[in-house]
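# Working through the structure, step by step
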Amino acid sequence: MATMKSVRTGAKNKVEVVSAERPVPGPKDVVVRIRACGICGTDTFFVQAGGTPYNADGSVVPLLLGHEPAGEIAEVGSEVTDLTIGDRVVVNPQGVPSGIIGCGGTHGGMSEYLLLEDAEIGRTLAVFPDTMPFDVAALNEPMAVARHCVNRSGAAPTDKVVVFGAGPIGLGVTIWLKLRGVGHVVVADVIPERLQTALAVGADAVIDSATEDVTARLTELHGEAANALGRPRAGTDIYIDAAGVAAVFNTTVDAAQWGAKLVMVAVQKPSEIDLGGMLRSELTLIASQGYPTEIFEVTAELAEHQERFARLISHRVPFAEVNRAFELALTPGAAEKVVVTYDDEA
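Figured I'd write up the structure that's included with this text. (Residues numbered from 1 in each chain as written. Predicted model: local features only at pLDDT ≥ 70, side-chain atom pairs only at ≥ 80, totals over all residues. Heavy atoms only, no water.)

## What to know about the state of the cysteines
Note the cut-off: In what follows, a disulfide is any cysteine sulfur pair within 2.5 Å.
Within the structure shown, the criterion is met by zero disulfides. Cysteine Cys 103 remains unbridged, with the sulfur of Cys 40 as its closest cysteine sulfur at 7.2 Å.

Below you can see the structure in the form of structure tokens.
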């Protein structure tokens, strides 16, 4: 019996590398040799909890990790005709019948090999060119999340936008906004190094929200407008929350002009919202979840603009050091985007 190594949750704040039987494809399946897999905030949430906390009886069970994999086809089922061994692919974690890959399903993407059931180009997986390295390809899933956020915003070239949070999603949103032709994009964060990355990937300006008055800076950058009562407000059209902190909502409500939008892509903790303030600006709140259509819409552009997207990766860690990779991801401020690699080629 051939075996492989997989990563799953262990004790709280720890991961375990376990041996498992290497998958064998059925007639309609493929097996992907994983070459890179990103670590997401969802992964760290499960690691901090020690598993999945969503069981009806309140129990926590170990969870296979990884939903941002990229790799190459290692085996194909007898009925698969449009994929060949060696094809380089990214996957749709939500596109298999056995549950979401790395988020409670049967399989985890942070394994040496991954079974993709009912393999179908455009639904289960997409092929990408060999000119794009595997580590950048592993950004496909989070960049689909960022793309859906931009699509939900409806941003136009004439809009003035601020993105709160210069983590991978916020930076991805920034890149997509600029590729969409949006004229002025500001990024706000509390970590200066992140703001430098934001400028490097195309932001027109940045705000250090730890030291600067955000509303005053937005007014300086986007001009002065008014809310529904005629009170002075910043001329920003769209606010994007990729930070997931209550301060973003509070700042937006305080700054928003009449008819502004707030797009929420980060997971928010329960907090009080000034609904009266939203009313006074007729502020539209838009939620953005996942990637209903975007998972493979982004793949070709990711390859085309790979040098820009590669700047989002702060650490590339070999699979043999996966514990260190998670330590980095779990330590606030220690890393931005950590990608685990599986051989010498990223």
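## Description of the pattern of salt bridges
Applicable threshold: Between Lys or Arg on one side and Asp or Glu on the other, a salt bridge is scored when a side-chain nitrogen of the former is within 4 Å of a carboxyl oxygen of the latter. Only protein chains enter the area calculation, which uses a 1.4 Å probe; residues under 20% of their type maximum are buried, those over 50% are exposed, and those in between are partly exposed.
Going through the model one piece at a time under the given rule, you end up with 16 salt bridges. With a closest N to O distance of 3.1 Å, Arg 217 and Glu 212 form a salt bridge. Given the relative accessible area of 18%, Arg 217 is considered buried. Classification of Glu 212 by relative accessible area gives partly exposed; the value is 29%. In this structure, Asp 274 and Arg 280 form a salt bridge, with 3.7 Å as the shortest nitrogen-oxygen distance. The partly exposed category is assigned to Arg 280, whose relative accessible area is 34%. Among the charged side chains, a network of salt bridges with common partners joins Arg 33, Arg 35 and Glu 72.

## A look at the nonpolar core
What counts here: Side-chain atoms within 4.5 Å are what join buried Ala, Val, Leu, Ile, Met, Phe, Trp, Tyr and Cys residues into a set we call a nonpolar core. Put simply, DSSP marks the helices as runs of H or I at least four residues long and the strands as runs of E at least two long, and each gets a number from the N terminus on. Contact criterion: two residues are considered in contact whenever any of their non-hydrogen atoms come within 4.5 Å of each other.
Grouped together as the largest cluster of nonpolar side chains are 50 residues, with contacts concentrated most on Val 163, Val 173, Leu 177, Val 187, Ile 240 and Phe 309. Of all the elements in the fold, those that place two or more residues in this core are helix 2 (134-137), helix 3 (140-153), strand 8 (160-164), helix 4 (168-179), strand 9 (184-189), helix 5 (192-200), strand 13 (238-241) and helix 9 (299-304). The dominant element in this core, judged by the number of residues it contributes, is helix 3, at six residues. If near-sequence neighbours (up to four positions away) are discounted, Phe 309 is found in contact with Val 136, Leu 139, Met 143, Ile 175, Trp 176, Glu 301 and Leu 302. Grouped together as the second largest cluster of nonpolar side chains are 33 residues, Ile 34, Leu 63, Met 110 and Val 338 included.

## Brief notes about the sheet that holds strand 14 (residues 261-264)
For clarity, the threshold we go by: Only when DSSP finds a minimum of two bridges between them are two strands counted as paired. Helix axes use the C-alpha atoms of the stretch in contact, all axes being lines fitted to C-alpha atoms, and the angles between their N-to-C directions lie in the range 0 to 180 degrees.
As summarised here, the arrangement of the six strands in space is 10-9-8-13-14-15, forming an open sheet in which the pairing is parallel. If you trace the sheet from one side to the other, it starts and ends with strand 10 (205-208) and strand 15 (284-287), each paired once. Pairwise comparison of adjacent strand axes, ignoring direction, gives a mean angle of 20° for this sheet. Bridge count between strand 9 and strand 10: four bridges; the pairing is parallel. In the strand pairing of strand 10, Val 186 is matched with Ala 205. Strands strand 8, strand 9, strand 10 and strand 13 of the sheet are contacted by helix 6 (residues 214-222), whose axis makes an angle of about 165° with strand 10.

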